[in-house]
Amino acid sequence: MTASHLLVPVPIPDRVAALIGSCTPPHILQAEFDAVCAAREVRRFRGPRLALEDQADREQALSELAWANKVLSAHHPRLAVRPDGAV
């Protein structure tokens, strides 16, 4: 019996990642890429006081993240990307 909290993350070799990626539909791979980029943008615009332009950029990144997560969640609910980087 294995407890999930005892599992150690192991890096996936590039060839295995490529094989997994070849089994995933292209629009899902693109949505995953878009979600990760949008989450990175959201994390960039943190702070108590953001300029109006920064607030607009953050809202745009949140919108892109929501769209990408909608596509990812339609494929599998656990694929969604959170803006704080948590899984």
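Residues numbered from 1 in each chain as written. Predicted model: local features only at pLDDT ≥ 70, side-chain atom pairs only at ≥ 80, totals over all residues. Heavy atoms only, no water.

Student: Can you walk me through the overall build of the protein chain in this structure?
Tutor: On a plain count of helices and strands, the protein chain comes out with three helices and zero strands. The order of α-helices and β-strands along the protein chain, N terminus first, is α-α-α. Taken against the 2.2 N^0.38 rule, which gives 12 Å for 87 residues, the C-alpha radius of gyration of the protein chain at 16 Å runs more than 25% over that of a compact globule. Seen through its C-alpha atoms, the protein chain measures out along the principal axes to roughly 50 × 30 × 25 Å. Residue burial in the protein chain is summarised as follows: out of 87 residues, 16% are buried. Within the protein chain, counting contacts between residues at least 6 apart in sequence, those at least 24 apart form 65% of the total. Entry remark: accessible area of the protein chain is about 7100 Å², with carbon and sulfur atoms responsible for 60%. Here the protein chain holds 10 positive side-chain charges and 10 negative ones, and the gap between their average locations is 7 Å. (Helix = DSSP H or I, 4+ residues; strand = E, 2+ residues; numbered from the N terminus. Rg over C-alpha atoms; globule rule 2.2 N^0.38 Å. Buried < 20%, exposed > 50% of the residue type's maximum accessible area, 1.4 Å probe, protein only. Contact = heavy atoms within 4.5 Å. Areas by Shrake-Rupley, 256 points an atom, 1.4 Å probe, with all protein chains shown as cover. Lys, Arg positive; Asp, Glu negative; His and termini not counted. Charge placed at Lys NZ, Arg CZ, Asp CG, Glu CD.)

Student: Even after reading the chapter, I still don't get the pattern of salt bridges, so can you show me in this structure?
Tutor: Oppositely charged side chains are able to pair whenever their charged atoms sit close together. The final tally for this structure, using the stated rule, is two salt bridges. One salt bridge in this structure joins Arg82 and Asp84, with 3.1 Å as the shortest N-O distance. With relative accessibility at 40%, the residue Arg82 sits in the partly exposed group. (Salt bridge = Lys/Arg side-chain N within 4 Å of Asp/Glu carboxyl O.)

Student: I keep staring at a nonpolar patch on the surface and nothing clicks. Help me out?
Tutor: A grouping of Ile12, Val16 and Ile20 is seen on the molecular surface, where their side chains present a nonpolar patch of about 260 Å² in accessible area. Mapped onto the elements of the fold, Ile20 is located in helix H1 (residues 14-23). Using a relative accessible area of 47% as the deciding quantity, one classes Ile20 as partly exposed. (Patch = residues over 30% accessible without salt bridge, like charges linked within 9 Å, V, L, I, M, F, W, Y side chains within 5 Å.)

Student: Can you help me understand the side chain of Asn69 in this one?
Tutor: Looking at the element boundaries, Asn69 is found in helix H3 (residues 52-75). Assessed through its relative accessible area of 13%, Asn69 is described here as buried. Not counting residues within four places of it along the chain, the set of residues in contact with Asn69 comprises Ala35, Ala80 and Val81.

Student: Explain the environment of Asp84 here, please?
Tutor: Examined against the element boundaries, Asp84 turns out to sit in the segment after H3. The sequence separation of Asp84 and Ala39 amounts to 45 residues, and the corresponding C-alpha distance is 7.2 Å. Not counting the four nearest positions on each side in its chain, Asp84 is found in contact with Arg43 and Arg46. Within polar-contact distance, the side chain of Asp84 engages the side chain of Arg82 at 3.1 Å. (Polar contact = N/O pair within 3.5 Å; in protein donor to acceptor, adjacent residues only side chain to side chain.)

Student: I'm lost on the nonpolar core in this one. Help?
Tutor: Ranked by size, the top nonpolar core spans nine residues in total: Ile28, Ala31, Ala35, Ala38, Ala39, Leu65, Ala68, Leu72 and Val81. Sorting the residues of this core by element identifies helix H2 (26-44) and H3 as the ones contributing at least two each. The element that contributes the greatest number of residues to this core is H2, accounting for five residues. Every residue in contact with Ile28, bar those within four places of it in the chain, is listed here: Val71, Leu72, His75 and Leu79. (Core = buried A, V, L, I, M, F, W, Y, C linked by side-chain atoms within 4.5 Å.)

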